[in-house]
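Here is what each chain is made of, one letter per residue.
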Amino acid sequence: MPTATYTFPNGFLWGTATAAHQVEGKNINNWSFWEEQPGKIIHGDRAGLACDWWGGRWTDDFDRAAEAGQNAHRLSIEWSRVQPAADRWNDGALEVYRDMLRGLARRNMTALVTLHHFTDPLWLYEQGGWENPRAPEYFAAFVRRAVDVLKEYCSLWVTINEPNVYVYNGYLGHGEFPPGKNDLGAALRVMANLARGHALAYRAIHALQPTARVGFALHYRGFRPAHAGNPLEAWSANALNANFNTSFIETLRTGRLNFLFRSVSIPEARNTQDFVGLNYYTTDEVTFHPLRPGELFSKRRPPREAPLSEGGFIAHYPEGLFDLLAWAHRRYQLPMMVTENGINDAEDTLRPRYLAEHVWQVWRAIQWSWLIKGYFHWSLVDNFEWERGWSQRFGLWGVDPITQARQRKPSVDFYAAIAHQNALSYASVAKWAPDALPALFPE
Ligand code: IFM
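Conventions and cut-offs
- Residues numbered from 1 in each chain as written.
- Predicted model: local features only at pLDDT ≥ 70, side-chain atom pairs only at ≥ 80, totals over all residues.
- Heavy atoms only, no water.
- Helix = DSSP H or I, 4+ residues; strand = E, 2+ residues; numbered from the N terminus.
- Rg over C-alpha atoms; globule rule 2.2 N^0.38 Å.
- Buried < 20%, exposed > 50% of the residue type's maximum accessible area, 1.4 Å probe, protein only.
- Areas by Shrake-Rupley, 256 points an atom, 1.4 Å probe, with all protein chains shown as cover.
- Axes fitted to C-alpha atoms, helices over the stretch in contact; angles between N-to-C directions.
- Parallel < 35°, antiparallel > 145°, perpendicular 65-115°, else oblique.
- Left-handed = near helix turned anticlockwise from the far one by under 90°.
- Contact = heavy atoms within 4.5 Å.
- Nonpolar A, V, L, I, M, F, W, Y, C, P; charged D, E, K, R; others polar.
- Salt bridge = Lys/Arg side-chain N within 4 Å of Asp/Glu carboxyl O.
- Pairing = 2+ DSSP bridges.
- Polar contact = N/O pair within 3.5 Å; in protein donor to acceptor, adjacent residues only side chain to side chain.
- Near = heavy atom within 4 Å.
- Phe/Tyr/Trp six-rings, centres within 6.5 Å; stacked < 30°, edge-to-face > 60°.
- Lys NZ or Arg CZ within 6 Å of the ring centre and 35° of its normal.

Help me out: how do you make sense of the overall build of the protein in this one?
A count of helical and extended segments in the protein gives 16 helices and 15 strands. For a compact globule of 443 residues, the expected C-alpha radius of gyration is about 22 Å, and the protein comes in at 21 Å, within 12% of that figure. When its C-alpha atoms are laid out on the principal axes, the protein stretches across 65 × 55 × 45 Å. The buried share of the protein, taken over its 443 residues, is 61%. For the protein, the accessible surface area stands at approximately 16800 Å², while carbon and sulfur atoms represent 51% of it.

Pasting the structure below:
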């Protein structure tokens, strides 16, 4: 019987990731406004109390994470709480975040803090949001204020979460995110301003905390031509990749944003990453369709062989994570972190296998001596999943948003075994994810 153990480097970060609006409850921002508009969120759901972290339930959830062996947590700071009006700061809110970060430190958990995770204060939304040329400097002012108060407990920062998702969902006609526009010019302006905001934040953080490590979180979706050797499919897959996946991160390398056949010079964004943060969930197979110029002549579907999550939302395609790490290593030569990876799976049917096989791909990548510092599973607890409301459950712990009861899913114990052992062992895979045995421990 094979008994191998895939061991990770000492000090590897095993965490989960959350975001303020998805877990805190009672936020007042562009999303709470959006949720009130009829038809925007599935079943008319609202974030509402979310997981009631603002009511104090973060303490129990952090206890859960620590007891389950997690030595890190990624959370985000809600700008609208810290700066509820353009001319008003709420330092009390920052004290709550300080408490949370102190709470992580007391539990020997490393904090990774995101400064922008999809939500904007209403006052900024009313002034055009990130289309407003002043948005980058407004963001930098918030970042300075927050980092100054929180730097005692955190030195790992994500400036902006998934700028590509923010732009595609909000400005390119998909209508999922506020402001629900379909406007190429606006999309380009917003992408450029997010890069400017990132660059200002990068420098502001380093000025306050020279030892800080600063990056952003890239949402990377794999795009694979459906038929190897088909040049049209390869063209479409490359075009999707260049626009959706790599346009923002390349701006941070070159100082030039190339996006949807337009180009903007942003020299101040050059070399503003200390690590590469990667959010990976899934991969699509791409076919070529001449009548779909808006989709870069592509049609996407899950890879044929891949098992699917509930509703077909996520295709289980772990090789995509390895390919991503290989590409990011070669291209950027920086330390990397898997800042998100997870699956919507209320019944925890596919998650154990998904977890085992994705963690194994991270291990494989580490064997090439690529510097990978940590893995953050999305998410610690079920939470408000944006336009899909409460219909998707990504948590290791289930959450009933009405009663706030938590339910321990089997993946909690599996992930705990991985984190406690700092390894993926045959015994733990056999116990919690036997479906993954053939891939991980072939006879
Ligand atoms: O819940 C989101 C998160 O806010 C950003 N990345 C993807 C997750 C799952 O859809």
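Is there a simple way to think about the packing of helix 9 (residues 184–208) against helix 11 (residues 247–254) in this case?
The description of two helices packed together rests on the angle between their axes and the distance between the axes. Interaxial distance between helix 9 and helix 11 falls to 11 Å at its minimum, and their mutual angle equals 45°. Judged by the angle between their axes, helix 9 and helix 11 are oblique. Of the two possible hands of crossing, helix 9 and helix 11 adopt the one that is right-handed. Contacts from Met191, Leu194, Ala195 and His198 of helix 9 reach helix 11 at Ser247, Phe248, Thr251 and Leu252. Broken down by class, the residue content of the contact of helix 9 with helix 11 amounts to five nonpolar, three polar and no charged.

Please explain the pattern of salt bridges as it appears in this structure.
Close approach of charged atoms allows side chains of opposite charge to pair. The final tally for this structure, using the stated rule, is 30 salt bridges. In this structure, arginine 102 and aspartate 99 form a salt bridge, with 2.7 Å as the shortest nitrogen-oxygen distance. Within this pair, arginine 102 and its partner aspartate 99 are both found in helix 5 (residues 91–106), separated by three residues, close to a single helical turn. As a salt-bridge pair, arginine 221 and aspartate 284 come within 2.7 Å of each other at their nearest N and O atoms.

Any chance you could explain the pairing of strand 5 (residues 156–161) here in plain terms?
Residues in a regular strand point their side chains to alternate faces of the sheet. Across the six residues that make up strand 5, a large majority, six, are buried. Two elements, strand 4 (residues 110–114) and strand 5, share three bridges in a ladder whose sense is parallel. Bridge pairing in strand 5 places valine 113 opposite tryptophan 157. Sheet analysis places strand 5 next to strand 6 (residues 213–225), joined by four bridges and oriented parallel. Counterpart to valine 158 in the pairing with strand 6 is glycine 215.

Sorry, what's going on with the side chain of threonine 159 here?
The topology assignment puts threonine 159 in strand 5. By relative accessible area, which is 0% here, threonine 159 ends up buried. Here the side chain of threonine 159 touches histidine 198 through a polar contact of 2.6 Å, side chain to side chain. Apart from residues no more than four positions distant in its own chain, threonine 159 is found in contact with Leu115, His116, Phe139, His198, Ala201, Tyr202, Ile205, Val214, Gly215 and Phe216.

I'm lost on the site of the ligand in this one. Help?
Around the ligand, the neighbouring residues are Gln22, His117, Phe118, Asn161, Glu162, Tyr281, Glu340, Trp378, Glu385, Trp386, Arg388 and Phe394. The contact in question runs from an oxygen atom of the ligand to an N or O atom on the side chain of glutamine 22, over 2.7 Å. The separation between an oxygen atom of the ligand and a polar side-chain atom of arginine 388 is 3.5 Å. Out of a free accessible area of 280 Å², the ligand has 94% covered by protein chains. Taken together, the residues that form the shell around the ligand break down as five nonpolar, three polar and four charged.

What am I meant to see in the packing of aromatic side chains here?
Enumeration over the complete set of coordinates arrives at 40 aromatic pairs. Between the aromatic rings of phenylalanine 322 and tryptophan 370, the centroid separation amounts to 5.4 Å while the plane-to-plane angle is 35°, which identifies the pairing as tilted. In this pair, phenylalanine 322 sits in helix 12 (residues 319–332) while tryptophan 370 sits in the loop between helix 13 (351–367) and strand 12 (372–377), placing the two residues 48 residues apart along the sequence. Centre to centre, the rings of tryptophan 368 and tryptophan 370 are 6.0 Å apart; their planes meet at 25°, and the pair counts as stacked. Since its relative accessible area comes to 57%, tryptophan 368 is described here as exposed. In this structure an aromatic cluster arises from ring pairing among Trp79, Trp123, Trp130, Tyr138, Phe139 and Phe142. Note that arginine 81 overlies the ring of tryptophan 54, its terminal NZ or CZ placed 3.8 Å from the centroid.

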